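Spelled out, the chains give:
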Amino acid sequence: MGDILIVDDERDIRELIGDILEDEGYATRLAANAEECMDAIGVEAPALMILDIWLKDSHMDGIDILKAVKREHPGIPIVIISGHGNIEIAVAAIKQGAYDFIEKPFNIDQLLVVIRRAMETSRLRRENLELRRKDVASAEMIGASAAFKSLKGQLDKVTKSNGRVMLTGPAGCGKEVAARYIHANSGRAERPFIVVNSATVEPDRMEEVLFGREGTERGIEPGLLEQADGGVLYLDEVADMPLGTQSKLLRVLVEQQFQRVGGSDKVRVDLRVVSSTNKNLEAEIAEGRFRQELFHRLNVVPISVPSLEERREDIPVLAEHFISNFNKTQGLPLRDVGDEAIALLQTMVWPGNVRQLKNVIERVLILGDGTGPIGADELPETGNQGNAEEGRVILSGSLATLPLREARELFEREYLLTQINRFGGNISRTASFVGMERSALHRKLKSLGVVTSNRTGGRVAYVEDDEEDERQSA
């Protein structure tokens with residue numbers, strides 16, 4: 001997109017405008033009627049259009065062309081010119097998306113000023129969009145655990161395809177980061193990444209938000225589907241989408257086209273859809289809250305995003321990443337994390353997952369009064385149940401009600417479970433940390449009924465009796 005398309009049925013006028021613009025350094029193309037105009041746009045979309053309202057011997061007038069171009073290429077600025085101008089025509093053109101309206105005979109200097117402003121506005125919009133698309137920090141995958149490597153391996157396999165991906169996992173585990181990673185490493189990386197927050201949009205506004213609207217008063221207002229054309233549409237927490245909207249979205253996935261609210265024209269889009277949920281969609285289908293056909297359309301490639309519990313090994317590197325990021329974006333202190341603080345972070349419960357860890361790190365950096373390593377005493381209180389949402393130590397059960405022998409056995413089991421999972425199921429590293437010989441640790445684990453096995457791409461420790469109970473209940 002680099003030239004200006006001039007559409008006018010009067011040869012002298014279009015050639016005059018073309019010559020003047022070429023003298024100013026612009027490349028131009030000329031069209032005498034609607035057919036030549038649409039053919040020229042079909043070959044290559046221009047950077048700007050100068051469009052006459054009245055076109056002789058054309059099946060479309062200027063307003064019709066304006067509406068058609070804005071439907072397919074909403075980013076092209078269009079300057080309307082007319083020798084029969086009036087306020088009503090000008091208002092109608094602006095409402096349909098024209099950048100400006102100039103009445104013939106026009107002043108050349110005035111036309112050049114309008115063109116420069118329109119081109120500058122268009123350039124700034126494109127640059128702003130590019131900056132949002134290249135938000136590499138939000139698409140950066142951080143981790144080294146087996147569970148993380150398994151996830152990243154699956155994501156790498158789907159980046160180059162156009163297959164629809166369904167990301168599942170608990171709230172805060174990083175599903176949107178995974179979706180952005182798919183986009184950033186795909187062939188659509190230079191095109192938009194548009195997020196639909198299904199849980200935050202009012203149900204009665206969902207269709208307008210998705211499909212856009214058009215009317216005589218406000219003209220055309222593109223929705224998120226149009227904004228995502230050519231790129232990736234991310235349906236965040238898709239289970240919260242209203243049933244009626246689910247049906248219409250299903251039709252879009254099948255036909256790759258839709259109608260705006262209040263409109264009658266079909267709008268074609270080229271989309272890759274990535275969706276996410278923290279709910280069991282099959283259970284939602286059974287309860288009548290989610291459409292089975294839509295589930296099958298979205299769930300072409302299911303990928304499970306592990307919780308922070310399943311990738312405790314990554315906590316130190318995640319904490320370091322967040323500290324560096326907060327230093328760059330907010331000017332917060334660039335601090336290390338002390339060994340005791342790391343051990344505590346790796347043994348806390350994280351119901352809010354990676355998002356909660358990020359919040360805790362930010363709070364420590366804001367409230368901390370030092371520049372040295374972060375200490376365990378700076379982390380949220382872990383013994384108080386009132387602060388459980390900020391993370392609590394796993395070994396916080398009420399041991400005082402048990403006899404010493406039972407309390408000791410319970411403590412040892414929970415302590416060793418925590419440490420093994422902290423080190424990603426690595427028995428050697430666990431033995432070194434807890435100060436036991438590896439063979440002695442194996443004997444202790446066996447006596448406590450603790451075993452390890454591969455789950456979610458990494459080794460996880462659990463109590464053997466609990467595993468048996470799970471199998472029986474299943």
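> Hey, could you go over the overall build of the protein for me, with residue numbers and the actual values?
Across its full length, the protein carries 19 helices and 18 strands. When contacts within the protein are restricted to residue pairs at least 6 apart in sequence, long-range pairs at least 24 apart make up 68% of them. Approximately 24,000 Å² of the protein is accessible, and the part contributed by carbon and sulfur atoms is 48%.

> Explain the sheet that holds strand β7 (residues 193-197) to me, using residue names and the numbers behind them.
Spatial strand order, β7-β10-β13-β6-β14: five strands in an open sheet with parallel pairing. Among the strands making up the open sheet, the edge pair consists of β7 and β14 (301-304). Strand after strand, the sheet turns through a mean of 20 degrees between neighbouring axes, direction not considered. Bridge count between strand β6 (residues 165-168) and β14: four bridges; the pairing is parallel. Within β14, the residue paired with Thr 168 across the bridge is Ser 304.

> So, the pattern of salt bridges: which residues are in play, and what are the values?
Here the structure, examined in full by the defined rule, presents 23 salt bridges. A salt bridge links Arg 188 to Asp 270, with the shortest nitrogen-to-oxygen separation between them at 3.0 Å. Highlighted residues: Arg 188 in the loop between α7 (175-184) and β7 and Asp 270 in the loop between β12 (266-268) and β13 (272-277), separated in sequence by 82 residues. Shared partners join several salt bridges into a network, and the residues in it are Asp 8, Glu 10, Asp 52 and Lys 104.

> So what's going on with the sheet that holds strand β2 (residues 28-31)? Residues and values would help.
Within the open sheet, the five strands sit side by side as β2-β1-β3-β4-β5. Their pairing is parallel. Edge positions in the sheet fall to β2 and β5 (100-103), since each of these pairs with one other strand and no more. Neighbour to neighbour, the strand axes of the sheet diverge by 20 degrees on average, direction disregarded. Relative to β2, strand β1 (residues 4-7) runs parallel, the two sharing four bridges. Of the residues in β2, the one forming a bridge with Ile 4 is Thr 28. The sheet contacts of helix α1 (residues 11-23) involve β1, β2, β3 (48-52) and β4 (78-82), and relative to β2 the element is tilted by about 175 degrees.

> Before we move on, could you go through the packing of aromatic side chains and cite the residues and values that matter?
Tallied over the entire structure, the rule returns four aromatic pairs. Ring centres of Phe 193 and Tyr 234 lie 6.0 Å apart, and the angle between their planes is 25 degrees; on these two criteria the pair is classed as stacked. Linking Phe 193 in strand β7 with Tyr 234 in strand β10 (residues 232-236), this pair joins segments that are 41 residues apart in sequence. Using a relative accessible area of 12% as the deciding quantity, one classes Phe 193 as buried. Here Phe 211 and Phe 258 contribute two aromatic rings whose centre-to-centre distance is 5.6 Å and whose plane-to-plane angle is 45 degrees, an arrangement assigned as tilted. Pair noted here: Phe 211 is in helix α8 (residues 206-211) and Phe 258 is in strand β11 (residues 257-259), with a separation of 47 residues, a long-range link.

> Lay out the layout of surface pockets in plain terms, naming residues and giving numbers.
Taken as a whole, the second largest pocket spans an internal volume of roughly 790 Å³. Lining the second largest pocket are 30 residues, and of these Ser 138, Gly 174, Glu 176, Val 177 and Lys 358 lie nearest its centre. Secondary structure elements with two or more residues in the lining of the second largest pocket: α6 (146-158), α7, β10, α13 (315-330) and α15 (353-367). The leading source of residues in the lining of the second largest pocket is α7, at five residues. When its residues are assigned to classes, the lining of the second largest pocket shows 14 nonpolar, six polar and 10 charged.

Rules and cut-offs
- Residues numbered from 1 in each chain as written.
- Predicted model: local features only at pLDDT ≥ 70, side-chain atom pairs only at ≥ 80, totals over all residues.
- Heavy atoms only, no water.
- Helix = DSSP H or I, 4+ residues; strand = E, 2+ residues; numbered from the N terminus.
- Contact = heavy atoms within 4.5 Å.
- Areas by Shrake-Rupley, 256 points an atom, 1.4 Å probe, with all protein chains shown as cover.
- Pairing = 2+ DSSP bridges.
- Axes fitted to C-alpha atoms, helices over the stretch in contact; angles between N-to-C directions.
- Salt bridge = Lys/Arg side-chain N within 4 Å of Asp/Glu carboxyl O.
- Phe/Tyr/Trp six-rings, centres within 6.5 Å; stacked < 30°, edge-to-face > 60°.
- Buried < 20%, exposed > 50% of the residue type's maximum accessible area, 1.4 Å probe, protein only.
- 1 Å grid on protein atoms, 1.4 Å probe; cavity = no way out; pocket = protein on both sides within 12 Å on 5 of 7 lines; lining within 4 Å.
- Points joined across faces, edges and corners; volume = space filled by probe spheres on them.
- Nonpolar A, V, L, I, M, F, W, Y, C, P; charged D, E, K, R; others polar.

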